[in-house]
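Overview (structure and organization)
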Amino acid sequence: MAGCGRMGGPMLAALVAAGFDAQGYDIAAGHLADDVPVTDDPVRFADGLRVLITVVRDSDQTDDVLFGRGDLARRARDLHSLVVSSTLSPRYVRALADRLPSHIRLSDAPMSGARIAAQERRLSFMLGGEAAELDRLQPLFSAMGAHFHRMGPFGAGSQSKVLNNLLAASHTAMTRLVLDWADAAGLDERRLLALIETSSGQNWLASGMDSIEFARDGFSEDNSIGILVKDVSAALDAAPEGSETALPEEVRRVIRGLKPRQAS
């Protein structure tokens, strides 16, 4: 597994716990938990590598893993399966097919559920690729997740994920606005969240306000709110020609302006 931080670390731990001979590659390996087998040496990581799951932040880091410092597309001579689990522009993901050796089978399997779901091994995977390849990989997905959605050919998983995250971003923006307005009106936040949970305003962020790690964060380029901004940009990159993009662009602007908020 390449990329063993916020999401990749718990996913790697789940694979190891399930008995898979799994290890990680991360340029910040020295900052990770001692019980997670991770190296920052791409040559060592590439030796005997057969299935690679990438869980890095963005397309630049994916390029670095596959063609840059990691150069795993060339170094990993035994590599036969690449699984792209980062949330990336579907245009970028589909273009990988023309950049990689033809013997490497490609699947995309972005996931949803935040760090808490990765730690509890109940991620939702959005899968794209050939059915036979996804069948071969299913034991790996089953070790890390609980919900598996086969969306179509390679690239369909990424297309589905950016659309899902576009909704998640809109929920995040509006839920945070609602809570700020509730505070200004003197409403008890806990009572309002309990009401929302059983009413038409129910959404994933409001329901997970105490467990989703970024629920109360402000924007930073290197935190989960920053990643959510990146995901909205990935959705916009793949928007159909002539689409109305004003609403997602506004959601992105609002998310970028979020400030930290305290629990009430």
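Before going into details, it helps to say that this report is about the structure given with it. On a predicted model such as this, the values are computed, not experimentally measured, just so you know.

The subject of this paragraph is the overall build of the chain. On a plain count of helices and strands, the chain comes out with twelve helices and eight strands. Compactness check: the chain gives a C-alpha radius of gyration of 19 Å against a globular reference of 18 Å for 264 residues, within 12% of the reference. Expressed as a percentage of its 264 residues, the buried residues of the chain come to 50%. Across the chain, the fraction of contacts at a sequence separation of at least 24, relative to all contacts at a separation of at least 6, is 62%. With an accessible surface of roughly 12,900 Å², the chain has 51% of that area assigned to carbon and sulfur atoms.

Where empty space is left can be seen by rolling a probe of water-molecule size over the atoms. Estimates place the volume of the largest pocket at around 1,000 Å³. Lining the largest pocket are 44 residues; nearest its centre among them are R6, M7, V56, R57 and I227. Those elements that provide at least two residues to the lining of the largest pocket are helix 3 (59–66), strand 6 (111–112), helix 6 (114–119), helix 8 (156–184) and helix 11 (224–237). Per-element accounting of the lining of the largest pocket gives the leading share, six residues, to helix 8. Looking at the lining of the largest pocket, its residues break down into 18 nonpolar, 14 polar and twelve charged. Together, 14 residues line the second largest pocket, and D21, A22, L49, R50 and V51 are the ones closest to its centre.

This part is about the nonpolar core. With 27 residues, the main nonpolar core has M1, M11, L15, L123, F125, F141 and M144 as its most contacted residues. Counting only elements with at least two residues in this core, the list comes to helix 1 (8–17), helix 6, strand 7 (123–128) and helix 7 (131–144). Not counting chain neighbours up to four residues away, the residues in contact with M11 comprise M1, V55, M111, A118, L123, F125 and M144. Among the nonpolar cores identified, the runner-up in size contains 23 residues, and V56, A76, L96 and L106 belong to it.

At a minimum axis distance of 9 Å, the contact between helix 11 and helix 12 (residues 246–256) shows a crossing angle of 165°. With respect to each other, helix 11 and helix 12 are oriented roughly antiparallel. Taken as a pair, helix 11 and helix 12 cross one another with a handedness that is left-handed. Every residue of helix 12 that contacts helix 11 at I225, L228, V229, V232, S233 and L236 is listed here: P248, E249, R252, I255 and R256.

For the structure shown, the criterion picks out 15 salt bridges. D183 is the partner of R261 in a salt bridge, and the nearest nitrogen-oxygen pair spans 2.4 Å. Separated by 78 residues along the polypeptide, R261 in the segment after helix 12 and D183 in helix 8 bring together distant segments of the chain. Judged by relative accessible area, which is 9%, R261 ranks as buried. Put simply, D180, D183, E189, R216 and R261 are held in one network by salt bridges that share partners.

Moving on: the packing of helix 1 against helix 7. At a minimum axis distance of 8 Å, the contact between helix 1 and helix 7 shows a crossing angle of 115°. By the angle between their axes, helix 1 is roughly perpendicular relative to helix 7. Note that helix 1 runs across helix 7; the crossing there is right-handed. Between helix 1 and helix 7, the contacting residues are M11, A14 and L15 on the first element and L140, A143 and M144 on the second. Counted by class, the contact of helix 1 with helix 7 contains six nonpolar, no polar and no charged residues.

Another point: the pairing of strand 7. Most of strand 7 is tucked away, with six of its six residues classed as buried. Alternating residues of strand 7 divide into L123, F125 and L127 and S124, M126 and G128, and every residue in both groups is buried. Across two bridges, the pairing between strand 6 and strand 7 is antiparallel. Its bridge partner being in strand 7, S112 is matched across the sheet by S124. Two elements, strand 7 and strand 8 (residues 145–152), share six bridges in a ladder whose sense is parallel. Across the sheet, the residue bridging to M126 is H149, located in strand 8. For the handedness criterion, the β-α-β arrangement of strand 7, helix 7 and strand 8 is classed as right-handed.

What counts as what
- Residues numbered from 1 in each chain as written.
- Predicted model: local features only at pLDDT ≥ 70, side-chain atom pairs only at ≥ 80, totals over all residues.
- Heavy atoms only, no water.
- Helix = DSSP H or I, 4+ residues; strand = E, 2+ residues; numbered from the N terminus.
- Rg over C-alpha atoms; globule rule 2.2 N^0.38 Å.
- Buried < 20%, exposed > 50% of the residue type's maximum accessible area, 1.4 Å probe, protein only.
- Contact = heavy atoms within 4.5 Å.
- Areas by Shrake-Rupley, 256 points an atom, 1.4 Å probe, with all protein chains shown as cover.
- 1 Å grid on protein atoms, 1.4 Å probe; cavity = no way out; pocket = protein on both sides within 12 Å on 5 of 7 lines; lining within 4 Å.
- Points joined across faces, edges and corners; volume = space filled by probe spheres on them.
- Nonpolar A, V, L, I, M, F, W, Y, C, P; charged D, E, K, R; others polar.
- Core = buried A, V, L, I, M, F, W, Y, C linked by side-chain atoms within 4.5 Å.
- Axes fitted to C-alpha atoms, helices over the stretch in contact; angles between N-to-C directions.
- Parallel < 35°, antiparallel > 145°, perpendicular 65-115°, else oblique.
- Left-handed = near helix turned anticlockwise from the far one by under 90°.
- Salt bridge = Lys/Arg side-chain N within 4 Å of Asp/Glu carboxyl O.
- Pairing = 2+ DSSP bridges.
- Right-handed = clockwise from strand over helix to strand, strands pointing away.

Structural measurements only, silent on function.
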